[in-house]
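# Structural overview
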Amino acid sequence: MRRIKKTRITLDDLEKMDREYLLPAEVAELLRLNAQCLRIRMRGGENFGFPIIRASETRVIIPRRAFIRWLRDGGTVTTVPATMEAAIAKCRECNEAYV
């Protein structure tokens, strides 16, 4: 049986979306972070440098246009703003098992 290789989400994919928000799993995939770790940190109120909306006690969403703007301004995992460094370092610990 042949396995289908999953393609990673790209910035172009985000720009073509018709939704106004992104899910943490989509953001985590683009940033190459563990999705669950990212969700937990977002719910905990950590500042990632891009806006996060708490839709409920357990659900967070990210405004798509603001996230794209953040990426275009240089917000990546390799060149993170000072406000993200601690959060990314914590997520990298979780990411060890993910990679």
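Structure first, text after, so check above.
Just so you know, these numbers come straight off a predicted model, no measurement behind them.

With respect to the helices and strands, the residue V27 is situated in helix α2 (residues 24-31). A residue is classified by how much of its surface remains accessible, and V27, at 0% relative accessible area, is buried. Through-space distance from the C-alpha of V27 to that of L14 is 9.6 Å; in sequence the pair is 13 residues apart. Those residues in contact with V27, other than ones at most four positions away along the chain, are L22, L38, F50, I62 and F67.

A few words now on the side chain of N34. Within the secondary structure, N34 is located in the loop between α2 and α3 (35-43). Side-chain polar atoms of N34 contact the backbone nitrogen of Q36, separated by 3.0 Å. Within the structure, N34 has its side chain in polar contact with the backbone nitrogen of C37 (distance 2.9 Å).

The next point concerns the sheet that holds strand β1 (residues 21-22). Strand order in this open sheet of 3 strands is β1-β3-β2, and the pairing throughout is antiparallel. This sheet does not close on itself; its edge strands, each paired only once, are β1 and β2 (53-54). Relative to strand β3 (residues 60-63), β1 is paired through 2 bridges, and the arrangement is antiparallel. By the bridge assignment, L22 is partnered in β3 with I62. Packing against the sheet, helix α4 (residues 64-72) makes contact with β1 and β3, and its axis sits at approximately 65° to β3.

The buried count for α2 comes to 7 of 8 residues, which makes it a mostly enclosed element. For α2, the complete set of buried residues consists of P24, E26, V27, A28, E29, L30 and L31. Where α2 is buried, its residues meet α1 (11-16), β1, α3, β3 and α4. Looking one or two residues beyond α2, the residue adopting positive phi is R32, at roughly 60°.

Conventions and cut-offs
Residues numbered from 1 in each chain as written. Predicted model: local features only at pLDDT ≥ 70, side-chain atom pairs only at ≥ 80, totals over all residues. Heavy atoms only, no water. Helix = DSSP H or I, 4+ residues; strand = E, 2+ residues; numbered from the N terminus. Buried < 20%, exposed > 50% of the residue type's maximum accessible area, 1.4 Å probe, protein only. Contact = heavy atoms within 4.5 Å. Polar contact = N/O pair within 3.5 Å; in protein donor to acceptor, adjacent residues only side chain to side chain. Pairing = 2+ DSSP bridges. Axes fitted to C-alpha atoms, helices over the stretch in contact; angles between N-to-C directions.

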